[in-house]
Amino acid sequence: MHYQLTTLPNGLRIISLNMPSVRSVAIGAWVDTGSRDEEPIEAGASHFLEHLLFKGSERLAARAISEKFDAVGARNNAFTSKEYTCFWARLRSADLPLAVDILSEMLQRPAFRQNEIDSERHVVLEEINMNEDDPTDVAHEEFITALWGDHPLAPPILGTKDSIIGMTRETIATYWGRRYSPRAAVISAAGDLDHEALVALIAEHFGGWEGPLLSRVTAAPAIGPKVKVRRRDTEQSHIVFGAEGLSRGDDRRFAMTVANHILGGGMSSRLFHEIREERGLAYAVHAFRMPFAETGAAAIYAGTTPSQTFEVLKLTRLEIDKLMSDGVTADELARAKGHIEGSLALALEDTNGRMTQLGREELTGIEHLSVDDTLARIEALTRQDILAAARAIYAGPYVIGLVGPFEESEFEEFVR
């Protein structure tokens, strides 16, 4: 095994990887809750809670947390997604007990002081304002809304201004009490560590944490052709074009990663070459995928001047159609495999990369593969595998999220 896994009596899982060539440790506390788990009155609570846990407990105030991490040169932060929240730190291995102590206070005993809730509310509102001012972010949100409609994956992670303004201390504390549980949490670590010593340390700080096993309702979304435009008189239109993708555990995800790279994953990709290099229609154009428990998204982003928007979309559809009809060449497949294999090897030489991989996989139930196993899966892919994956994803129905001086009816031809 390339990792070690222990489950405490209270259900908390501890997964770690020893990397003897380094002198640091990355540790993350993962909780199986995100924006998809919120009730309407709680919209944005997962992300708001991420902020508030840094305000500390009765024993550790916010300033104490930042000063303790700063005093040892640690890097620490957190992030919230639609399905999980992670609090992490990277620091010298000798300082690992400090990180465990702080994380245990943050997750188990948040203070929820009213004055800190009120001040952090303004910070979250400014974050929403910042995203609203970024047309790229807005285009992605419009795409997600067009793709998933009323499904729990559709609402924005940050919530809305109205939901954040109206969120009370009771709402936040109730959400934390319902969703934060040792049986729905994983602590992952990678670096200069001993697994048994790590387990003993975490058991000391987290062993008394109690809570039930959480449930999550999953249901496949109903998806149809859709266009959503946020009308703005911008200098550049921002386009996100795509379709339903693969769920995170789908065995075809490796083939889809290769197909996406060939289509729009780098400077040698088809879309980059055709739209940017050959025609100069865009500075940025790339393909991406978003996998979740029961569904996913596969999409292309491009930013271009409004007068060139329709040409960019026509070329995008043309390249997708060519991929589905003709597949990929042997040279393209070899380059894509080499790129993905090299990028993976580089990413997993970093303690934070390894910690993140272990924590995310354990929390979401994805099979733990070693680097060699993953590389073998990629190397075994054939041109037929790539063609089949592309046809499974990019056959439609299509959706578009767009920011620019347009009407939605102008783009209906592209989603048919």
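Every value quoted in this text rests on a predicted model; they were computed, and no experiment measured them.

1. Some words on the overall build of the protein chain
What the protein chain contains, in helices and strands, is 15 helices and eleven strands. For 416 residues, the compact-globule formula gives about 22 Å, and the C-alpha radius of gyration of the protein chain, at 23 Å, lands near that figure. Burial status across the protein chain gives 55% buried among its 416 residues. Sequence separation of 24 or more characterises 83% of the internal contacts of the protein chain that already satisfy a separation of 6 or more. Taken as a whole, the protein chain presents about 18100 Å² of accessible surface, with 50% of it coming from carbon and sulfur.

2. A few points about the packing of aromatic side chains
Applying the stated criterion to the full structure yields twelve aromatic pairs. Look at Phe310 and Phe406: their rings are 5.6 Å apart centre to centre, the planes differ by 85°, and that puts the pair in the edge-to-face class. Of this pair, Phe310 sits in helix 11 (residues 309-326) while Phe406 sits in the segment after strand 11 (398-404), and the two are 96 residues apart along the sequence. A residue is classified by how much of its surface remains accessible, and Phe310, at 24% relative accessible area, is partly exposed.

3. A look at the side chain of Thr171
Mapping Thr171 onto the fold places it in helix 7 (residues 169-179). Judged by relative accessible area, Thr171 falls into the buried class, the value being 14%. If we ignore the near neighbours within four places in the chain, the residues touching Thr171 are Ile41 and Glu42.

4. Focus: the packing of helix 9 (residues 253-264) against helix 15 (residues 383-394)
The interhelical angle for the contact between helix 9 and helix 15, taken along N-to-C directions, is 80°, at an axis separation of 8 Å. Considered as vectors, helix 9 and helix 15 are oriented roughly perpendicular to each other. Residues Ala255, Met256, Val258, Ala259, Asn260 and Leu263 of helix 9 form the contact with helix 15, whose participating residues are Asp385, Ile386, Ala389, Ile393 and Tyr394. By residue class, the composition of the contact of helix 9 with helix 15 is nine nonpolar, one polar and one charged.

5. Concerning unusual backbone geometry
Following Gly396, the chain continues into Pro397 via a peptide bond in cis, with omega recorded as 5°. Within the secondary structure layout, Pro397 lies in the loop between helix 15 and strand 11. In the Ramachandran plot, Phe112 falls in the positive-phi region, its phi being about 55° despite a non-glycine side chain. Inspection of the secondary structure assignment puts Phe112 in the loop between helix 3 (96-108) and helix 4 (114-133). Here Phe112 falls in the buried class, since its relative accessible area comes to 8%.

6. Quick notes on the sheet that holds strand 3 (residues 24-31)
The strand order across the open sheet formed by six strands is 1-2-6-3-5-4, and the pairing between neighbours is mixed. Each of the sheet's edge strands pairs with one partner strand only, and the pair in question is strand 1 (4-7) and strand 4 (75-80). Averaged over neighbouring strand pairs, the angle between their axes works out to 15° when direction is ignored. In the sheet, strand 1 pairs with strand 2 (residues 13-18) via four bridges, with the strands oriented antiparallel. From the neighbouring strand, Thr6 faces strand 2, where its bridge partner is Ile14.

So, how was this worked out
- Residues numbered from 1 in each chain as written.
- Predicted model: local features only at pLDDT ≥ 70, side-chain atom pairs only at ≥ 80, totals over all residues.
- Heavy atoms only, no water.
- Helix = DSSP H or I, 4+ residues; strand = E, 2+ residues; numbered from the N terminus.
- Rg over C-alpha atoms; globule rule 2.2 N^0.38 Å.
- Buried < 20%, exposed > 50% of the residue type's maximum accessible area, 1.4 Å probe, protein only.
- Contact = heavy atoms within 4.5 Å.
- Areas by Shrake-Rupley, 256 points an atom, 1.4 Å probe, with all protein chains shown as cover.
- Phe/Tyr/Trp six-rings, centres within 6.5 Å; stacked < 30°, edge-to-face > 60°.
- Axes fitted to C-alpha atoms, helices over the stretch in contact; angles between N-to-C directions.
- Parallel < 35°, antiparallel > 145°, perpendicular 65-115°, else oblique.
- Nonpolar A, V, L, I, M, F, W, Y, C, P; charged D, E, K, R; others polar.
- Pairing = 2+ DSSP bridges.

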